[in-house]
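# Chain and residue survey
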Amino acid sequence: MTLTELAQRLGCRLEGDGGVEVVRVAGIEDAVPGEVTFLANAKYASKLAATRASAVIADESVNGAPCPILRTREPYLAFAEAVALLTPPRRPAPGISPLATVDPSAVIGPDVTIGPFVAIGRGARIGAGTIVESHVAVGDDASIGAACTIHSHVAIRHEVQIGNRVVIQDGAVIGSDGFGFVRRRDGTHRKIPQVGRVVIEDDVEIGANSTVDRPAVGETRIAAGAKIDNLVQVAHGVKIGRNVLLAAQVGIAGSTVLEDDVVMAGQSGATGHVRLGRGAIVGAKSAVTKDVDAGQHVAGVPASEVAEWRESVVLMRKLPELRKVIAALESRLAALEKGK
């Protein structure tokens, strides 16, 4: 693809020779002729002069490139679109593997790909153009929409509802039993039957080895556009809003609500029955134990407003010094009292 064609497809303004051919996208330090790179973080600006790329995607503030520039207000977004254009996804041929097991009552849409050792249960439905890779289990009466990609070793339990264009990475489990038990008087535990449902709306991505539990009653719901990283636990009855981002190893306890556009950084968590308001941000390794207001940025254990948390961290580091000061003052005070 020529740079002129690429610029037109990306909506960028091209500075330089539009006849240059590019075949892929690469990092600014690794790129070679025939590749286009990008600069979206000022941290890497010093690397630009030495890049061997045939072109760079950058905003209006960038200068000194040794190659043509594709100008855009959003270089990182343009980079993502360039990758999609220059490296189209591989798609297996439609059809059902002879090694798959598909119940006769299941409804399989047109142009669906079902890999070897897939098991599809009674009454299940799979929409047009969906790819189901090897060793996936789809339970009875589960529903998967159109143009989804279900990677290997995913388990989609009975009656789970999945929308269109959903991506589920390897090893994820959707619709497993929520963690619900009642303690008996003798100390043993009675399992609460988990008979609710799980609903995954359109354009959601769920990372590898993540789990989304079903509740005892009602539903666990992940709204359209949410993106969930690897090793994330979404407990029973949780409601996740539109365009929410959950980084790796986030854990959300039962019946918690994340409103639209919430971001939870890696290894953070939320206790049960709390609400995170729209656009709230939770810092890495933080523990949310109470409601978070819309737009609030919290961090720490327990999580508090981020400026307050930073101040407490600074004070914490000064505690050894303060302890010595207090000890010295106590000694002086004791000496003064003794001299009375």
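Residues numbered from 1 in each chain as written. Predicted model: local features only at pLDDT ≥ 70, side-chain atom pairs only at ≥ 80, totals over all residues. Heavy atoms only, no water.

Here we come to the pattern of salt bridges. Following the criterion strictly, the structure yields 15 salt bridges and no others. Between E15 and R71 there is a salt bridge; the shortest N-O distance is 3.1 Å. Pair noted here: E15 is in strand β1 (residues 13–15) and R71 is in strand β5 (residues 69–71), with a separation of 56 residues, a long-range link. Take E15: its relative accessible area is 29%, and that puts it in the partly exposed class. Salt-bridge contacts for K47 lead to E29; the nearest nitrogen and oxygen are separated by 3.7 Å. Of the two residues, K47 sits in the loop between β3 (35–38) and β4 (55–58) while E29 sits in the loop between β2 (24–25) and β3, which places them 18 residues apart along the sequence. For E29, a relative accessible area of 54% gives the class exposed. Here the salt bridges do not stand alone but share partners, grouping R13, E15, E60 and R71 into one network. (Salt bridge = Lys/Arg side-chain N within 4 Å of Asp/Glu carboxyl O. Helix = DSSP H or I, 4+ residues; strand = E, 2+ residues; numbered from the N terminus. Buried < 20%, exposed > 50% of the residue type's maximum accessible area, 1.4 Å probe, protein only.)

This part is about the nonpolar core. Counting residues in hydrophobic clusters, the biggest one holds 52 residues, and the most contacted among them are I240, L246 and M264. Filtering out sequence-adjacent residues up to four positions away, L246 remains in contact with K227, I228, D229, V232, I240, I252, L258 and M264. Among the nonpolar cores identified, the runner-up in size contains 16 residues, and A7, V25, V36 and F38 belong to it. (Core = buried A, V, L, I, M, F, W, Y, C linked by side-chain atoms within 4.5 Å. Contact = heavy atoms within 4.5 Å.)

Spatially, 10 strands are ordered β7-β10-β13-β16-β19-β24-β27-β30-β33-β36 in an open sheet, and the strand pairing comes out parallel. Strand pairing shows two members of the sheet lacking a second neighbour, β7 (101–102) and β36 (287–288), which therefore form its edges. Of the pairings in the sheet, the one linking strand β24 (residues 211–214) to strand β27 (residues 233–234) comprises 2 bridges and is parallel in character. Looking at the pairing, V212 lines up with V234 of β27. (Pairing = 2+ DSSP bridges.)

Remark: helix α1 (residues 3–10) packs on helix α2 (residues 75–86), axes separated minimally by 10 Å, with the N-to-C direction vectors making an angle of 120 degrees. With respect to α2, the element α1 is oriented oblique. Where α1 crosses over α2, the two elements pack in a sense that is right-handed. For the pair formed by α1 and α2, the contact residues are L6, R9 and L10 on the first element and A78, E81, A82 and L85 on the second. Per-class residue counts for the contact of α1 with α2 are 5 nonpolar, no polar and 2 charged. (Axes fitted to C-alpha atoms, helices over the stretch in contact; angles between N-to-C directions. Parallel < 35°, antiparallel > 145°, perpendicular 65-115°, else oblique. Left-handed = near helix turned anticlockwise from the far one by under 90°. Nonpolar A, V, L, I, M, F, W, Y, C, P; charged D, E, K, R; others polar.)

Relative to the helices and strands, S176 resides in strand β19 (residues 173–177). Measuring from C-alpha to C-alpha, the distance between S176 and P94 comes to 29 Å, with 82 residues separating the pair along the chain. Setting aside chain neighbours within four positions, we find S176 in contact with R157, V212, D213 and R214. Of note is the side chain of S176, whose polar atom sits 2.7 Å from the side chain of D213. (Polar contact = N/O pair within 3.5 Å; in protein donor to acceptor, adjacent residues only side chain to side chain.)

Moving on, we get to the sheet that holds strand β28 (residues 239–240). Reading across the sheet, the 9 strands line up as β8-β11-β14-β17-β22-β25-β28-β31-β34 and stay open at both edges, with parallel pairing between neighbours. Strands with a single pairing partner mark the edges of an open sheet, and in this sheet they are β8 (107–108) and β34 (275–276). Looking at chain direction, strand β22 (residues 197–200) and strand β25 (residues 219–222) are connected through 4 bridges and run parallel. What sits directly across from V198, in β25, is T220.

Across the junction of V301 and P302, the peptide omega takes the value -10 degrees, indicating a cis bond. Topologically, P302 is positioned in the loop between β37 (297–299) and β38 (304–305). The backbone of H135 sits at a positive phi, close to 65 degrees, despite the residue not being glycine. Tracing the backbone shows H135 in the loop between β12 (131–132) and β13 (137–138). For H135, a relative accessible area of 38% corresponds to the partly exposed category. Here the phi dihedral of A147 falls at roughly 60 degrees; this positive angle occurs in a residue that is not glycine. Along the polypeptide, A147 turns up in the loop between β14 (143–144) and β15 (149–150). The partly exposed category is assigned to A147, whose relative accessible area is 43%.

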